[in-house]
Amino acid sequence: MRLDRFLSNLPQFNRKQVRLLLVERRVRVDGVAVGDPHVEVREFSQVLLDDQVLQVGRPARYFMLHKPMGCVSATVDPQHPTVLDLLDEPDKHDLHLAGRLDYNTSGLMVITNDGQWSRRLTQPQTKLGKVYYVETEQEINEQYIETFARGIYFSFEDLTTQPATLQLLGARSARLTIVEGRYHQVKRMFGHFQNKVLRLHREQMGPLTLDPELSPGQYRPLTAEEIQQI
Ligand code: URA
């Protein structure tokens, strides 16, 4: 929300007082004195008037996790272990997954309590590539490259997938970059050629690369630099 609205919503200030506070630069958002009424105040922002705390600001939390196979990317599941079970963190109910992986897909999962940030990472409009290592039952040939680049029609959703990049690695292995995350997207793209995906592993989401130091099931907080890249 805009800073001027945030301040006017508080019972102690009317609009005129808010204008004055901003002109006098008495309000600080995350330690910076602000005069611009348009500055965004988020649930994570600390807001001070002189030395008085108007909003403490919830800590924003960001993690990358190496999802193992055989684990559900959901916050709760009655039968199987979930990705959240792997996290030893307080207030886990506050966290959500930025994009999902299938039960038997391994690799990079991002977990946060910052919805605005995670939308930037996952929304197709931001065109951040999600990179998957894929192994298949049948051979993968050059024709896949062109077909994936053109897009594949998914009748269930009545849409054509956005251009995807395929790099052949071996006779039955490849690296695929897609910018969306439709339901079972990678498996369905290979399914177009009746080629079953046997192994699927997410290596990258936009600028975030799965840390090679993380074994399956391990996680770590994102660095300030990684957070800012999104
Ligand atoms: N596409 C799939 O088919 N499965 C995943 O887990 C991720 C992308």
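In this text, all values refer to a predicted model and were calculated from it rather than measured experimentally. (Residues numbered from 1 in each chain as written. Predicted model: local features only at pLDDT ≥ 70, side-chain atom pairs only at ≥ 80, totals over all residues. Heavy atoms only, no water.)

(A) Molecular detail of helix α4 (residues 142-150). Listed as buried for α4 are Y144, T147 and F148. Projection of α4 onto a plane perpendicular to its axis shows the buried side chains occupying an angular sector of 95°, all on one side. Turned more than 90 degrees away from the buried face of α4, the exposed residues are E142, E146 and R150. Of the surrounding secondary structure, the elements contacted by the buried residues of α4 are β11 (165-170), β12 (173-178) and α5 (185-191). Where α4 begins, the side chain of N141 points an oxygen toward the backbone nitrogen of Q143, at a separation of 2.9 Å. Where α4 ends, the next residue or the one after it, G151, has phi of about 105°, a positive value. (Buried < 20%, exposed > 50% of the residue type's maximum accessible area, 1.4 Å probe, protein only. Helix = DSSP H or I, 4+ residues; strand = E, 2+ residues; numbered from the N terminus. Arc of directions from axis to C-beta. Contact = heavy atoms within 4.5 Å. Polar contact = N/O pair within 3.5 Å; in protein donor to acceptor, adjacent residues only side chain to side chain.)

(B) Just the site of the ligand, in detail. What surrounds the ligand is the set L101, D102, T105, Y132, H184, Q185, V186, K187 and L200. V186 is positioned such that a nitrogen or oxygen atom in its backbone is 3.1 Å from a nitrogen atom of the ligand. One of the backbone nitrogen or oxygen atoms of K187 is found 3.1 Å away from an oxygen atom of the ligand. When the ligand is considered free in solution it has 240 Å² of accessible area, and contact with the protein chains removes 95% of it. Its atoms largely coinciding with the cavity grid, the ligand occupies the largest pocket. At three residues, the largest contribution of residues to the shell around the ligand is made by α5. Classifying every residue of the shell around the ligand by side-chain character gives four nonpolar, three polar and two charged. (Near = heavy atom within 4 Å. Areas by Shrake-Rupley, 256 points an atom, 1.4 Å probe, with all protein chains shown as cover. 1 Å grid on protein atoms, 1.4 Å probe; cavity = no way out; pocket = protein on both sides within 12 Å on 5 of 7 lines; lining within 4 Å. Sits in = over half its atoms within 2 Å of the grid points. Nonpolar A, V, L, I, M, F, W, Y, C, P; charged D, E, K, R; others polar.)

(C) Representation of a positive patch on the surface. Taken together, the side chains of R5, R15, K16 and R19 define a basic patch exposed on the protein surface. Its place among the elements puts R19 in helix α2 (residues 15-23). Residue R19 is classed as exposed on the basis of its relative accessible area of 55%. (Patch = residues over 30% accessible without salt bridge, like charges linked within 9 Å, V, L, I, M, F, W, Y side chains within 5 Å. Salt bridge = Lys/Arg side-chain N within 4 Å of Asp/Glu carboxyl O. Lys, Arg positive; Asp, Glu negative; His and termini not counted. Charge placed at Lys NZ, Arg CZ, Asp CG, Glu CD.)

(D) Spotlight on the nonpolar core. Residues I111, F148, L176 and F190 are the most contacted members of the largest nonpolar core, which totals 30 residues. Of all the secondary structure elements, the ones that give two or more residues to this core are β5 (62-67), β7 (106-112), β8 (130-136), α4, β12, α5 and β13 (197-205). Excluding its chain neighbours within four sequence positions, the residues that come into contact with L176 are K130, V131, Y132, V134, F148, A164, T165, L166, V186, M189 and F190. (Core = buried A, V, L, I, M, F, W, Y, C linked by side-chain atoms within 4.5 Å.)

(E) Examining helix α3 (residues 115-122) more closely. Here α3 has its buried residues at G115, W117, S118 and L121. What you see down the axis of α3 is that its buried residues fit within an arc of 160°, all on one side. For α3, the N-terminal cap is D114; the gap from its side-chain oxygen to the backbone nitrogen of Q116 is 3.4 Å.

(F) Representation of the sheet that holds strand β1 (residues 27-29). One open sheet holds the four strands; their spatial order is β2-β1-β3-β4, and the pairing between them is antiparallel. Looking along the sheet, the strands with just one partner apiece sit at the ends: β2 (32-34) and β4 (52-55). The sheet shows a mean angle of 35° between the axes of neighbouring strands, direction not considered. The pairing of β1 with β2 spans three bridges and is classified as antiparallel. Bridging across to β2, V27 finds its partner in V34. (Pairing = 2+ DSSP bridges. Axes fitted to C-alpha atoms, helices over the stretch in contact; angles between N-to-C directions.)

(G) Seen up close, the pairing of β13. Relative to β13, β7 is paired through two bridges, and the arrangement is parallel. The residue bridging S106 from the neighbouring strand is H201, located in β13. Where β8 and β13 come together, seven bridges link them in antiparallel fashion. If you follow Y133 over to β13, its bridge partner there is H201. Between the end of β13 and the start of strand β14 (residues 208-209), which pair antiparallel, lie two residues, with G206 showing a positive phi angle near 55°.

(H) Spotlight on the layout of surface pockets. Considered as a void within the structure, the largest pocket measures approximately 420 Å³ in volume. If you trace the largest pocket, you find 23 residues lining it, with R100, L101, Y132, G181 and R182 closest to the centre. Elements supplying a minimum of two residues to the lining of the largest pocket: β8, α5 and β13. Its residues assigned to classes, the lining of the largest pocket comprises nine nonpolar, seven polar and seven charged. Empty space within the second largest pocket amounts to approximately 200 Å³. Around the second largest pocket, the lining residues are D4, R5, S8, N9, R15, V18, R19, L22, V23 and P37. Only α1 (3-9) and α2 provide two or more residues apiece to the lining of the second largest pocket. Per-element tally for the lining of the second largest pocket: the top contributor is α2, with five residues. Grouping the amino acids of the lining of the second largest pocket by side-chain chemistry returns four nonpolar, two polar and four charged. (Points joined across faces, edges and corners; volume = space filled by probe spheres on them.)

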